[in-house]
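# Survey of secondary and tertiary structure
So the chains spell out like this:
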Amino acid sequence: LCPEDFIYPLFVQKTSDRPEPIEAMPGQSRHTEASLLREAEAAAAEGLKGVILFGIPSAKDEQGSSAYAENGVVQRAVRALKKEKLPLVVITDVCLCAYTSHGHCGVIKNDKIDNDASLPLLAKTALSHAQAGADIVAPSDMMDGRVGAIRETLEKNGFADTAIMSYSAKYASAFY
C-alpha cells in the first residue's frame, strides 16, 4: 500500500479556537480551519490524494440545519481547502447525526426516524457541500433512497459531475 491508496479522515470543528485531540482516535484531532489546512498540506506533501471531512458544529437542532448551512463548518473548510489548490480530492461526509440535537441521522417524528422527511435534508446537505467545492459527497446515513435523492438534487442544480460515494462501514483506523 502507498499513501495515494488512502483517504485521510479530517475532523473540523467550530467549538474551540484550537485543535483538540480525539482521545478515542489516537493521532487524530478536531481541527480548527487553520489547523485543518496545515494537516491537509502535510498529508498532500506525504503523497496522500484524498481527504474526507467530518464536521462538528457549534450548534445543533432537531433538523440538523447547520449540516446544510451555507457557512457551516464543512462548507467553510471545503472552500478553504479549494482556495489552497492542494492536490487533494475533497470528500465530505453527508449525514445529520453530528448536527442534530438528538444525534440520529434523520428527522424524528412520533419517536421514530422519518426516512422520507430526512431525504430532502440529506440532499440539501450534499448540495451545499458541492456548492462549496466538494469533489465527492459521501452519505454515511442509513436512509433508504438517499443516493437517488442526492443525485437528483445535484443534477437539478448543475452538479451532475459531483461524485457520490455511499458508505456506512467505519473502522478503528486513522485512514480509510
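The text that follows walks through the structure, step by step, so that each part is easy to find.

## Here's the deal with the pattern of salt bridges
- The tally for this structure, following the rule as stated, stands at 6 salt bridges.
- The shortest N-O distance in the salt bridge between Lys109 and Asp114 comes to 3.8 Å.
- Among the salt bridges present, the one from Asp141 reaches Arg146, with a minimum N-O distance of 3.4 Å. For the residue pair Asp141 and Arg146, the accessibility class agrees, reading buried in each case.

## What about the environment of Asp161?
- Among the secondary structure elements, Asp161 is positioned in the loop between helix H4 (146–156) and strand S9 (163–164).
- The sequence separation of Asp161 and Ala130 amounts to 31 residues, and the corresponding C-alpha distance is 9.8 Å.

## Quick word on helix H3 (residues 115–132)
- For H3, with 18 residues, the first-to-last C-alpha span of 26 Å sits near the 26 Å given by 1.5 Å per residue.
- Across the 18 residues that make up H3, a large majority, 13, are buried.
- Where H3 begins, one side-chain oxygen reaches toward the backbone nitrogen of Asp116, 3.2 Å away; that side chain belongs to Asp114.
- Gly133 lies just past H3 and shows a positive phi near 120°.

## Some words on the pairing of strand S8 (residues 136–139)
- Along S8, one buried face is formed by Ile136 and Ala138 and the opposite face, lined by Val137 and Pro139, is buried too.
- Pairing of strand S5 (residues 89–94) with S8 involves 4 bridges; the strand directions are parallel. Bridge pairing in S8 links Val94 to Pro139.
- By the bridge criterion, 2 bridges tie S8 to S9 in an arrangement that is parallel.

## Quick notes on the packing of aromatic side chains
- Within this structure, the stated rule accounts for 1 aromatic pair.
- Seen in terms of ring centroids, Phe11 and Phe54 are 5.1 Å apart; in terms of plane orientation they differ by 20°. Their pairing is stacked. With Phe11 in strand S1 (residues 7–13) and Phe54 in strand S4 (residues 50–56), this residue pair connects regions lying 43 residues apart in the sequence.
- What makes Phe11 buried here is its relative accessible area of 14%.

## Observations regarding H4
- By the burial criterion, the buried members of H4 are Arg146, Ala149, Ile150, Thr153 and Leu154. Looking straight down H4, one finds its buried side chains confined to an arc of 130°; they lie on one side. Exposed residues lying more than 90 degrees from the buried face of H4 are Glu152 and Lys156.
- The elements touched by buried residues of H4 are S5, H3, S8 and S9.
- Residue Gly158 follows H4 closely and has a positive phi angle near 85°.

## Notes on the sheet that holds S5
- Reading across the sheet, the 7 strands line up as S2-S3-S1-S4-S5-S8-S9 and stay open at both edges, with mixed pairing between neighbours. Looking at which strands have only one partner, the edges of the open sheet turn out to be strand S2 (20–21) and S9.
- Here S1 pairs with S4 via 7 bridges, running parallel. Considered in S4, the bridge of Gln13 is made with Ile56.
- Of the strands in this sheet, S1, S4 and S5 touch helix H2 (residues 73–84), which is tilted by about 150° from S4.

Parameters and conventions
- Residue positions are given per chain, counted from 1 along the sequence in the order it is written.
- This being a predicted model, a pLDDT of at least 70 is required before a residue's local features are given, and a value of 80 or more before pairs of side-chain atoms are given or counted; all residues contribute to the totals for chains, interfaces and linings.
- Excluded from the side-chain calculation are hydrogens and water; included are all heavy atoms of the structure.
- Salt bridges are identified by distance alone: a Lys or Arg side-chain nitrogen within 4 Å of an Asp or Glu carboxyl oxygen.
- Exposure is judged per residue with a 1.4 Å probe applied to protein chains only, and the accessible area is read against the type maximum: over 50% gives exposed, under 20% gives buried, and values in between give partly exposed.
- In this description a helix means any DSSP run of H or I spanning at least four residues, a strand means any run of E spanning at least two, and both kinds are numbered starting from the N terminus.
- Given a helix with a known number of residues, its expected span is that number minus one, times 1.5 Å.
- In protein, a polar contact means a hydrogen-donor-capable atom and an acceptor-capable atom, both N or O and within 3.5 Å, with residues adjacent in sequence counting only if both atoms are side-chain atoms; elsewhere, any N or O pair within 3.5 Å suffices.
- Strand pairing requires that DSSP identify at least two bridges connecting the strands.
- Whether two aromatic rings pair depends on their centres lying within 6.5 Å, for rings of Phe, Tyr and Trp, where Trp uses its six-membered ring; planes under 30 degrees apart make the pair stacked, over 60 edge-to-face, and the rest tilted.
- What the arc covers is the set of directions going from the helix axis to the C-beta atoms.
- Should any heavy atoms of two residues lie within 4.5 Å, those residues are considered in contact.
- With axes taken as lines fitted to C-alpha atoms, and helix axes fitted only over the stretch in contact, angles between N-to-C directions fall between 0 and 180 degrees.

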